[in-house]
Amino acid sequence: MSRAHSTMSDRSGFWAVAAAFTTVTAYATVPTPLYPLYQAADDFPVPVVTLIFSAFAVGVVFSLFLIGHISDWAGRRRMAIVAVLISAGASVVFILWSSVPGLITARFIDGVSVGTLTAAATAHLAELRARARPAEAAIIAASVAGAANLGGLALGPLIGGLFAEFLPDPLELPHIVFLVLFLATAAVLRAVPETIDTSAARPAYRPQRLAFPSGSRSAFAAAGIGAAASFALFALFTSLTPTFLHETFHVSDHLVDGATVFAIFGAAATAQLVLVRVAQRTQLVIAIVCFIVGLVSISAGAVTPVLALFIVGGIVAGAGAGIMFRAAIVGAGALAAPGRRGETLALLFLIAYGGLVVPVLLVGWSLTFADETTVLLVFAAVVLVATLGAGIAMRRQLPEARAQSGESAR
């Protein structure tokens with residue numbers, strides 16, 4: 001393995017990559033509580049918010065298709081540094097160009113960063129942990145990767161809400177702070193050990209191959225649907241929570257906007273960590289129950305309307321989404337061929353982030369002729385059907401996935 005610039009141990013490098021992953025994903029959701037401020041500054045309607053958010057998801061899908069798998073031969077560390085510097089570029093665009101075209105451009109660039117980093121960091125964490133603690137269960141590294149991903153997404157809205165409510169220049173200052181963080185993070189990552197032999201001959205470039213792992217189509221499809229359904233729930237809260245809070249519940253506090261989204265993603269990350277040693281089949285049952293209870297509560301809270309019921313429902317459903325998303329990562333990783341882990345995970349995240357694009361665009365389009373509550377009810381029903389189907393299918397496929405992976409999750 002290439003050790004140029006590497007001064008950290010595998011164990012320290014593991015946590016450095018996790019911190020970088022958290023920082024990049026946190027920045028992805030910092031704008032959530034700031035959207036009403038951007039709306040007021042540029043006077044654009046709610047459907048434009050969904051278009052801006054969708055630009056981020058399109059950037060993620062774009063990079064996962066064209067870049068996400070490159071770390072399998074270009075190196076995990078190198079692609080992580082590239083991703084962090086792309087996020088720095090997005091922050092510069094936010095600072096210099098805050099009109100709608102600029103917001104769309106910045107969100108797209110930020111999406112490219114997240115897509116570039118997601119598969120590379122997830123694979124890097126698994127490989128660093130395996131070298132540092134070879135006897136440890138693979139699910140530990142997967143749990144940290146999921147927590148970094150969802151934990152970062154949870155922290156972002158809370159950070160954005162704090163800037164909006166208590167600090168000056170909330171449309172510039174958070175981006176300046178993160179720009180500094182990204183430059184520092186890129187410098188730290190140079191010392192992280194590489195886990196890929198970057199001196200080997202590089203294959204000819206090709207986009208991400210859209211193919212399931214050999215002999216595991218049904219198991220991987222179930223994992224992909226579960227991941228996409230989970231991200232669809234996250235998309236609703238990340239893109240439109242301020243709108244629902246302001247127009248349905250008449251809440252105008254930006255910190256409440258951020259705290260609500262923080263609670264949903266925080267529940268997802270916490271559930272992953274708390275249940276890390278619980279059997280996968282049991283976890284999926286818990287996830288299904290959480291989705292049912294949570295989505296029913298969200299819908300009831302919107303119809304009543306009762307803010308507490310809406311928020312509690314989001315937290316419960318968020319926990320279910322976190323559990324199902326982690327199960328999807330573990331399942332896909334177990335099915336991946338040894339030399340193609342990054343490529344397989346890139347495909348999984350490509351499907352997952354597809355769950356961000358289509359639902360948000362449909363929600364934005366629906367809001368042009370239907371009220372927020374009706375759109376929410378239809379959305380909740382669709383997500384519930386998808387998660388029930390995926391959860392049941394994933395439970396049925398677990399024995400098959402374990403057999404094919406040689407009990408690699410142990």
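About the thresholds
Residues numbered from 1 in each chain as written. Predicted model: local features only at pLDDT ≥ 70, side-chain atom pairs only at ≥ 80, totals over all residues. Heavy atoms only, no water. Helix = DSSP H or I, 4+ residues; strand = E, 2+ residues; numbered from the N terminus. pLDDT = per-residue confidence, 0-100. Contact = heavy atoms within 4.5 Å. Salt bridge = Lys/Arg side-chain N within 4 Å of Asp/Glu carboxyl O. Buried < 20%, exposed > 50% of the residue type's maximum accessible area, 1.4 Å probe, protein only. Phe/Tyr/Trp six-rings, centres within 6.5 Å; stacked < 30°, edge-to-face > 60°.

Glancing now at unusual backbone geometry. At the junction of Thr 304 and Pro 305, the peptide bond is cis and its omega measures out at -15 degrees in the coordinates. Residue placement: Pro 305 occurs in the loop between helix 11 (280-303) and helix 12 (307-335). For His 250, which is not glycine, the phi dihedral falls at a positive 60 degrees. Structurally, His 250 is set in the loop between helix 9 (217-247) and helix 10 (254-274).

Turning our attention to the confidence of the model for the protein chain. With 93% of its residues at a pLDDT of at least 70, the protein chain reaches an overall mean of 86. Between the elements of the protein chain, mean pLDDT differs from a low of 77, seen in helix 14 (residues 372-405), to a high of 97, seen in helix 8 (residues 173-189). Per-residue pLDDT stays below 50 along residues 399-410; that stretch engages in 17 contacts with residues further than four places along the chain or on separate chains.

Counted by the stated rule, this structure contains four salt bridges. Linking Arg 76 and Asp 72 is a salt bridge whose minimum nitrogen-to-oxygen distance equals 2.7 Å. Across the pair Asp 110 and Arg 107 runs a salt bridge whose closest N-O atoms are separated by 3.5 Å. Of this pair, Asp 110 and Arg 107 are both found in helix 6 (residues 100-132), three residues apart, which corresponds to roughly one turn of the helix. According to the relative accessible area criterion, Asp 110 is buried, its value standing at 0%. Relative accessible area serves as the criterion here: at 2%, Arg 107 is assigned to the buried category. A network of salt bridges, in which partner residues are shared, links Asp 72, Arg 76 and Glu 127.

Right, let's get into the packing of aromatic side chains. As enumerated under the stated definition, the model contains 14 aromatic pairs in all. Measuring from centroid to centroid gives 5.8 Å for Phe 231 and Phe 234, while their planes differ by 65 degrees, and the two rings are edge-to-face. You can see Phe 231 and its partner Phe 234 sitting in helix 9, three residues apart, about one turn around the helix. Owing to a relative accessible area of 1%, Phe 231 belongs among the buried residues under this scheme. A ring pair is formed by Phe 249 and Phe 310, whose centres lie 5.2 Å apart and whose planes are at 50 degrees; its orientation type is tilted. Here Phe 249, found in the loop between helix 9 and helix 10, pairs with Phe 310, found in helix 12; they are 61 residues apart in sequence, far enough to count as distant. Residue classification places Phe 249 among the buried residues on the basis of a relative accessible area of 13%.

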